[in-house]
Every structure is written in structure tokens, then in C-alpha cells.
Amino acid sequence: MIYKKGDPADPANFRPITLQPVWYKIFASAFASSLYDFLLDNKYIDKNQQKGFWRGIDGVTEHTEMLSHVLRTAKREQRCITVALLDLKNAFGEVHHELIATALKHHHAPLEYVELFKSTYKDNFVVVAIDKKTTQPIRVERGVLQGDPSSPLLFNLCFNTLMLTLDQPIYRKLGFSWGSKQNRQQRAWLQFADDAAITAADNASAQALLNVFQAWCAWAAMTVRLDKCVSFGMQKRNGIYVQTMPNIAVNGGQIPPVPLGEQFTYLGRSFGFDLKNDSAKLALETKLSELLKITNELKVKAQTKLKILSQYIHSQIMFEIKLYDFPTTWVEQKLDALCIRHMRVWLEMPVSACVGEISSLPKKMGGLGISSIKSLAQKLCLTKRYALRASASSDVREIWTDTASQHVVTDQLIVSHDSLTAATKALALDQQQKAANHLFGLQLQGALAKSLSESVSGKNIELWVTTLNNISPRLFNFARKAFLQVLPTAANLKRWGRAQDPSCPLCASGQPQTNKHVLSNCSCATALHRYTARHNSVLSLLIAWLRSSLSTGQLLYADLAEGNVLPVCDLFLNCRPDLAIAGLDSIYVLELTICHETNMIRSRDYKKNKYNDIAQHGSTLAGNRRIVCHSIEISTLGFISNISDFTKAAQIAIMPDDLKRSIVKTVVNSSFNIYCNRNNSALDTA
Ligand SMILES: [Zn+2]
């Protein structure tokens, strides 16, 4: 029993879902599937008015768009319209088995189907389990079981008898008319499973349709729940277009009209006279705000909160985003702004930091890879527009044409691509490009991301992002701030008007204490000592890796006075490269540099130049072996350059991701300590 809403003590407020044996589910699926094909091949079913449960139809979108479009048209053209929503008492549970059998025969289903259905429900019992007790078996005398794969089709089939009646021209013409002069459309009835909505030209037309419904309910032994039905109207009175309270009835009772100024809900979307969706906007804003607040209060690390936002919170608001056409500017200024405000707190970013830009930047470019709600809304709008254009119903396709002027960009994407997948891909690419352009265009905050996009592979940047997601929040926030160059260094404090002197107190060179200066450019002896320690901690990781990767005949030399490694000065005179793998005929040198993100290419060129003539520096031991020089640049935040040239030449396996992750962690940790000691000239004791 799944709780719906209302008093939890009332069993009627629960939806019963039946658990059935797997073999039966397979059988019922096959039964429904072949029956469906039969009905479809013979064109016996209506998919124009009934849009619930049919394969490949986004019925909620089609119907809510239709209702919205019809109401908008009525208002724009100041014409009379009467809407009625109809509710049946426990439709699934009440439908008579006789009715289903009759409906099967009515649709000319082969006798086998009728017999199979009858024998399925003959002597059919359900048992309800509560705690550890079970009820006596209860005979299923009426209704289709929810959870049974064949139920939706059997249910729709019963309703199809009503749909076929309503599809006759004499009833269709009672519907509200709209569309261009050349392509006039009329729509009287919307059905989604048992949820029905009438859209009639006036009260009399609505009443005529209601009379058909009433007669069908009597024949099908369905009970109308009058108090759950609702009516709504709009028309011009005394020259003014106003909301009305239609006087229409079913079974002698008036359908409760929507009070003036209030709303009604069809398939989860609310509609009212102003058609501005103000209450839906407010409700969504409140919902998002609540979800963010709960997340904010959780005792989890920043990275987890960001994950909750992108993996959970987004999914919780997508239904509303898809259902309503909220204006993009509203989504951006309200919903995205709300998310950004929280993300800023979680990341401990200063007000000037471009949180929105860095969060929507793709991971392969160093961003957080969290889509903005605006981007998600654009994607959903694309899906929706595509569904309208591809609809099997001609009037739904007409909505697409009729509203094209409001969706020029989206529609252009759709018509210029072969499939929805291709169009979605193009949109995603465009969104990524825009996010990148925006951030890269920022001189200070975008400098690192821009430079890295030119010097480090997307794969290695993404590895950096995912590694950061699993480190301590302190290091994560440090690295994220450093990436945008918004750490409170003296130069930044001066820029923010919070300090007088922007210069580095360590080297007293008069140079501003920027991100780059602190992490890689300070000339103070203590700073240099720290840089060397950082360099050597990475070097020892590389040594451990290379040592385990050597093949027979290869020897590893390194410039590090630790562990049992051969000294590189045995191979070279007058120069000491960091690493060398010596084979039978060749010596492959690997030179390591830890440099600032904006210096990756310059460092590589510098090293290339420096070791240009290394072949002349070989020792007697090096003999006449060929000497080839390669370099690896690792940035102060742990971005790693591509060294496949080296591994390929030396014939060793490519650098494993585990090693890359260790390097990221080691470097971020070292740089964090360097940063923390940026004003401390005393040598580290540890
Ligand atoms: Zn300095």
C-alpha cells in the first residue's frame, strides 16, 4: 500500500500495488504487448484523446500543453471557453470484469484474449500482509490489479468505448476551436488514464459532453465523484473579459466551479485566469529553497553537498520545470541565484568569485560540472518541443507551429538535427562553450582554466576534478579558490580594499603577493626550500612507479638522495636531470617541473631548450647510447601534462590513474602548506 495524501488512517488514501510472481508478469507483458499490436494494427484505439499509458507518448506534456494553449488562445481572442475536470471513484478498482470482457469483444479481440483474461481473473485472490500477519485470501471480484503489466491496457480499452463515442464529429465540434484560419482545430476532450478534462466552446457544449459521460458511466457502472470534479470558465461580459463560474451538472448535481481568482490543477499543472503561473513559481522557489536549506544544515563535507545539489535536488524540481514554460530570466535570476548563493557558502568563496561560472563549467575544463537550472530548463524545453513536433496528434503538432515564434532558438536546433539525441548534444555543446567563454573571458579568475585548456588533456583535468571531490574539504576549498585565484593573498586583499600593502613580506622583492608568487615564484630561500620539498615528494612517487614499470635490461637513475636508486650523476656530466631510464641502446631522460598553471607550456619549452644538447653530457657509463629528453610538467595545484611520448619511447605502460591521483593529492597538500606559510619565513621544522 503506497500512501497518496490525506488522512493516513483511511485505507482509501493508499494505492494498492499487487506483487505477482515473475512468471506471471512475463506472461502478462506478452499478453498486453500482442493485444496492443493487434489493436494498433487494426486502428481500433484512440490515441488522440486518451494519452495515458500508451507507449512512446509523453501524454502529460501533450495534454497540459494543449490545455494551456487552448486557454491562452481563448484569452487572447477574448472568446468563451468552459473547462470541466472529471473524477471517478476508484476507477481501477471498480471496473467490472464483465465490462472488460465486453470491451475486448467490442474491439474484435480474438476469442483467445477474452478467454485468457477471464481465466486470469477467475478465482483470483489477493492477500494483504501487515507486519508479520497476513489476511485471509480476498477474492478479486472487480477492478484490475495495479502492478499487473496488463492492467493499463485493459483499463484503457474500457475507456476507449467512451473515446470512440466522443470522437464522432457531432461531439468533436462541441470543442473549443483554435489555430490558423487555414488549419482550424477543435478539441473537446482530454483523457489521461481515468483523468478527464473537457474543453468546450461554451456551457451548453460542455453540458452536452457531460451528458455523454454520464450515460457512459451509468453503462460502465462507474461512479462520478462530484466533489472532486471542478469547472472553470472565461468569457467576455459587458465588454470585459472575465473568469466565470460555469453552471454545468452531472447526475443532477452542479460541478463545483473554481472560485474567481483561484486555480485548478490538471495532471500536476495548475491553471488560472491570469495564466502567469505566479503561484507555481512561488511554490517551486519555496521547494528549492527548502531543499537547499536542508542540505546546507547537513553535517557533510562541501563536496557531498554539491553532489546532493546536482544528483538529487535538480531531479526534484525537473517535473515542474518541464511542465511550465517559466521564463529563462526568471529561472536564472531566482532559481540559479538561490543555488549559487548556497554553493558560495559551501565553497567558502568570496563575493567576487564567479561561482556560477565555475560550477557550470564542464569537469574536463576544470569546472564543477554542475549544470545550471537554466541549462536543464533549456534541455527540457527542447525535449518538450520535440515531443510536440513529433506527436501523432495533428492538433498537438499544430501547437508547435502556433507557438513557434516564442521558441525560435530551440526550434531551430530541432529542425537542423536528425534526432532528439543529436539536437540535445548540440545544445549541450553550445552550453559548455558559453560557460567556457564566460570564464575564459575573465582576466584573473579565468586565467588558470583558460591556460590549462591549452596545455593539459581534458582527461587529466577531469581526473583532477574527481580526485578533489574525494579529498578533505579544507584542501578542496583551497584548491578551488586557488583555481579561481581568489585566495586572500596580499595582492587580492589590496584589490578588495582590505589591505594597504600588496607585496610579499617573505622575499621583500617588492613583488605583489599573488597566487602565482606564493605558490611558485617567491625568491625567498625558505620558499625555495619548500618548493624543492614539493618537487621531491612528486619525484619519489614517479621513482616508485617507474621502478615497478621497468622491463629487463632497463635501469632507473634519479636525482634524489633517497631510497636505493642509482644516482643520475653516474650517467651525466655537468647536468643532473631528474630521472633517466637506461636501456641497451638508449637513455630516456624525464625532467620534472612543478610550475604555475599559467606556465605549463613555457616550462616545457624552457626545459626542452635547457636539455637541448644533453647528448653531449653523457658520461663514460652512458657510452654511445642514444640520449632522448622528455619532460613532465605538474602544476602547483596538481594538473599533470601528458607524458605518453616518454612512456611510448621507453616502452613502459602509460601512467596509471592511481599514480595521477596520488600526485594530485600530494601536490595540493604541499601547496596548501606553502600557502598557509606564505607570511612565515622560518624554515619548516617537520
Ligand atoms: Zn615572495
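Quick caveat, the model's predicted, so the values are computed rather than measured.

Visitor: What is the right way to look at the overall build of the chain in this model?
Guide: Each helix and strand counted, the chain has 25 helices and 22 strands in total. Over its C-alpha atoms the chain spans a radius of gyration of 35 Å, topping by over 25% the 26 Å that the globule rule assigns to 686 residues. Over its C-alpha atoms, taken along the principal directions, the chain stretches across nearly 105 × 60 × 55 Å. Of all intrachain contacts in the chain linking residues separated by at least 6 positions in sequence, the fraction that spans at least 24 positions is 67%.

Visitor: Explain the sheet that holds strand β12 (residues 230-237) to me, please; I cannot follow it from the model alone.
Guide: The pairing of strands in a sheet happens through backbone hydrogen bonds and is either parallel or antiparallel. What the 5 strands build is an open sheet, ordered β10-β11-β3-β12-β13; its pairing is antiparallel. If you trace the sheet from one side to the other, it starts and ends with β10 (189-192) and β13 (240-244), each paired once. Ignoring strand direction, the axes of neighbouring strands in this sheet form an average angle of 10°. Bridge count between β12 and β13: 5 bridges; the pairing is antiparallel.

Visitor: Would you take a moment to explain the environment of L442 for this structure?
Guide: When you line up the elements, L442 lands in the loop between α16 (420-440) and α17 (447-455). Judged by the 16 C-beta atoms lying within 10 Å of it, L442 is partly exposed. When the C-alpha atoms of L442 and N160 are compared, they prove to be 60 Å apart, with 282 residues separating the residues in sequence.

Visitor: Honestly, the sheet that holds strand β20 (residues 579-582) in this entry has me stumped. Any pointers?
Guide: One open sheet accounts for 5 strands, arranged β19-β18-β20-β21-β22; its pairing is mixed. Strands with a single pairing partner mark the edges of an open sheet, and in this sheet they are β19 (566-567) and β22 (626-635). The pairing of strand β18 (residues 555-558) with β20 spans 4 bridges and is antiparallel. By the bridge assignment, L556 is partnered in β20 with I581. Where helix α22 (residues 525-549) meets the sheet, its contacts fall on β18, β20, β21 (586-595) and β22, and the angle it forms with β21 comes to roughly 145°.

Visitor: I would appreciate a short explanation of the packing of α22 against helix α25 (residues 657-676) in the present structure.
Guide: The description of two packed helices rests on the angle between their axes and on the distance between the axes. Packing of α22 against α25 brings their axes to within 10 Å, and their N-to-C directions diverge by 170°. Judged on the interaxial angle alone, α25 and α22 are roughly antiparallel. Considering how the two elements wind past one another, α22 and α25 form a crossing that is right-handed. Facing R530, A533, R534, S537, V538, L541 and W545 of α22, the residues of α25 in contact are L659, S662, I663, T666, V667, S670, S671 and I674.

Visitor: How should the environment of A653 be read in this particular structure?
Guide: Counting through the fold element by element, A653 comes out in the loop between α24 (644-649) and α25. Considered as a pair, A653 and L550 are 103 residues apart in the sequence and their alpha carbons are 9.2 Å apart. Other than its neighbours up to four places away in sequence, A653 contacts S549 and T647.

Visitor: Looking at this structure, I do not really get the nonpolar core. What am I missing?
Guide: A general feature of soluble globular proteins is that nonpolar side chains tend to end up buried together. Within the largest apolar cluster, 94 residues are counted, with the highest numbers of intra-cluster contacts made by A580 and V589. Setting aside its immediate chain neighbours within four residues, V589 contacts P577, L579, A580, Y611, I614, I627, V628, C629 and H630. If you look at the next biggest cluster of nonpolar residues, it comprises 71 residues, including L71, F155, F159 and W400.

Visitor: Teacher, can you tell me more about helix α10 (residues 302-323) here?
Guide: Count 3.6 residues to each turn of an α-helix, and residues three or four apart come out pointing the same way. In a regular helix each residue adds 1.5 Å, so 22 residues correspond to 32 Å; α10 covers 31 Å between its end C-alpha atoms and thus fits that length. At H314, α10 shows its strongest bend, of approximately 40°.

Visitor: Just to check I follow, could you spell out the pairing of β10 for this structure?
Guide: The side chains of a regular strand alternate, residue by residue, between the two faces of the sheet. Looking at chain direction, β10 and strand β11 (residues 195-200) are connected through 4 bridges and run antiparallel. Residue pairing for β11: F192 is matched across the bridge by D195. Where β10 hands over to β11, the hairpin turn is made up of 2 residues, of which A193 adopts a positive phi near 55°.

Visitor: I would appreciate a short explanation of unusual backbone geometry in the present structure.
Guide: Most peptide bonds adopt trans geometry, and most residues besides glycine take a negative phi value. With a phi close to 55°, K43 is a non-glycine residue in the positive phi region. With respect to the helices, strands and loops of the structure, K43 is situated in the loop between α1 (22-41) and α2 (59-76). Its identity is not glycine, yet A221 carries a phi of approximately 55°, on the positive side. Counting through the fold element by element, A221 comes out in the loop between α8 (203-220) and β12.

Visitor: It is not clear to me how the environment of K47 should be interpreted in this structure. Could you clarify?
Guide: Turning to its location among the elements, K47 is positioned in the loop between α1 and α2. K47 sits in the partly exposed class, given 19 other C-beta atoms within 10 Å. Distance in space between the C-alpha atoms of K47 and M163 is 9.1 Å, their sequence separation being 116 residues. Those residues in contact with K47 that lie beyond four places of it in its chain are W54, I57 and A392.

About the cut-offs
- Residues numbered from 1 in each chain as written.
- Predicted model: local features only at pLDDT ≥ 70, side-chain atom pairs only at ≥ 80, totals over all residues.
- Helix = DSSP H or I, 4+ residues; strand = E, 2+ residues; numbered from the N terminus.
- Rg over C-alpha atoms; globule rule 2.2 N^0.38 Å.
- Contact = placed C-beta atoms within 7 Å.
- Pairing = 2+ DSSP bridges.
- Axes fitted to C-alpha atoms, helices over the stretch in contact; angles between N-to-C directions.
- Buried ≥ 20, exposed ≤ 12 C-beta atoms within 10 Å, placed from the backbone.
- Parallel < 35°, antiparallel > 145°, perpendicular 65-115°, else oblique.
- Left-handed = near helix turned anticlockwise from the far one by under 90°.
- Core = buried A, V, L, I, M, F, W, Y, C linked by C-beta atoms within 7 Å.
- Expected span 1.5 Å × (residues − 1).
- Bend = angle between axes of the 7 residues up to and from the residue.

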